Amino acid sequence: KVLPLIYGVAMVLIPLKTLPQNEWAIWTVTQMIFMIISIVADFFVLQPMVKLGSETKSGIAPLIVASTIIYTLFCLTVTWVVILFALPLETLFKTPNLSFAFPIMALMILSTIIRNISIRILQIFYRIATIFIVDLAYFLPIVWLMYWGYSNNKLNNAELLINYNYYAFILSSLCGFFVCTP
């Protein structure tokens, strides 16, 4: 419970202190859309997978494969729609240059797919300590990168913050892949 708390505090305080107002707006809108895509996909695809998988626990490979395909297609489709409507969204949110962040956000979505599926597979088998390791592989690097960017006066735009997340999600996804691979 402490990792998300540290992350949450760092994710608000560091960018708020360092990013110019428009960059802060780009970051928060991008993060909001990223979270909506992730949470909706998780709710409708991965949570049912956990429920069904934890009830049977044997012969769940087809369930995991089908859920992975549906989850991935949903995330990519919605992200593609966001990119397609980038300029109207920029106008709606009254945030200049927001549309340039969406292709980078797409990389963030891609980089979380394996991580999110891995965490849900670990939930099926009640491997809580291993989930902590996968989460640690994200939370520590992102907090460290933000602190490093802040302390070296490098964290001055939303693109860099999105890239920091992208790098940390890749690390966490790799960790998740390796701990879920037999």
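In this report, the structure presented in the accompanying data block is examined. Model, not experiment: these values are computed from the prediction. (Residues numbered from 1 in each chain as written. Predicted model: local features only at pLDDT ≥ 70, side-chain atom pairs only at ≥ 80, totals over all residues. Heavy atoms only, no water.)

1. Details of the packing of aromatic side chains
- Scanning all chains against the criterion turns up nine aromatic pairs.
- Here Phe43 and Phe44 contribute two aromatic rings whose centre-to-centre distance is 5.0 Å and whose plane-to-plane angle is 85°, an arrangement assigned as edge-to-face. Take Phe43 and Phe44: they sit in the same class, and that class is exposed.
- Here the aromatic rings of Trp144 and Trp148 are separated by 6.4 Å at their centres, their planes lie at 20°, and the arrangement is stacked. Here Trp148 and Trp144 lie together in helix α6 (residues 128–151), a separation of four residues that amounts to about one turn.
- Ring-pair connections join several aromatic residues into one group, and the members of that group are Tyr7, Phe34, Tyr138, Phe139 and Phe169. (Phe/Tyr/Trp six-rings, centres within 6.5 Å; stacked < 30°, edge-to-face > 60°. Buried < 20%, exposed > 50% of the residue type's maximum accessible area, 1.4 Å probe, protein only. Helix = DSSP H or I, 4+ residues; strand = E, 2+ residues; numbered from the N terminus.)

2. Some details on the pattern of salt bridges
- Enumeration according to the criterion identifies three salt bridges in this entry.
- Across the salt bridge formed by Asp42 and Arg120, the nearest N and O atoms sit 2.7 Å from each other. One end of the pair, Asp42, is in helix α2 (residues 21–56); the other, Arg120, is in helix α5 (residues 102–124), with 78 residues separating them in the sequence.
- The class for Arg120 is buried, based on a relative accessible area of 16%. (Salt bridge = Lys/Arg side-chain N within 4 Å of Asp/Glu carboxyl O.)

3. Some words on the layout of surface pockets
- Of the pockets and cavities examined, the largest pocket occupies roughly 440 Å³.
- For the lining of the largest pocket, the secondary structure elements donating two or more residues are α2, α5, α6 and α7 (158–180).
- No other element matches α2, which puts six residues into the lining of the largest pocket. (1 Å grid on protein atoms, 1.4 Å probe; cavity = no way out; pocket = protein on both sides within 12 Å on 5 of 7 lines; lining within 4 Å. Points joined across faces, edges and corners; volume = space filled by probe spheres on them.)

4. Some points on the nonpolar core
- Grouped together as the largest cluster of nonpolar side chains are 48 residues, with contacts concentrated most on Tyr71, Phe102, Tyr138, Ile142 and Met146.
- Elements that contribute at least two residues to this core include exactly α1 (2–18), α2, α3 (61–84), α4 (86–92), α5, α6 and α7.
- The leading source of residues in this core is α2, at eleven residues.
- Residues in contact with Phe102, not counting those within four places in the same chain, are Ile33, Val82, Ile83, Ala86 and Leu89.
- Among the nonpolar cores identified, the runner-up in size contains six residues, and Ile119, Leu122, Val134 and Cys175 belong to it. (Core = buried A, V, L, I, M, F, W, Y, C linked by side-chain atoms within 4.5 Å. Contact = heavy atoms within 4.5 Å.)

5. A short note on unusual backbone geometry
- Phi at Lys94 takes a positive value of approximately 50°, unusual for a residue other than glycine.
- Within the secondary structure, Lys94 is located in the loop between α4 and α5.
- The class for Lys94 is exposed, based on a relative accessible area of 75%.
- Of note in this structure, Tyr126 is not a glycine but carries a positive phi near 55°.
- Locating Tyr126 in the fold gives a position in the loop between α5 and α6.
- Taking the relative accessible area as the measure of exposure, Tyr126 reaches 54% and is therefore exposed.

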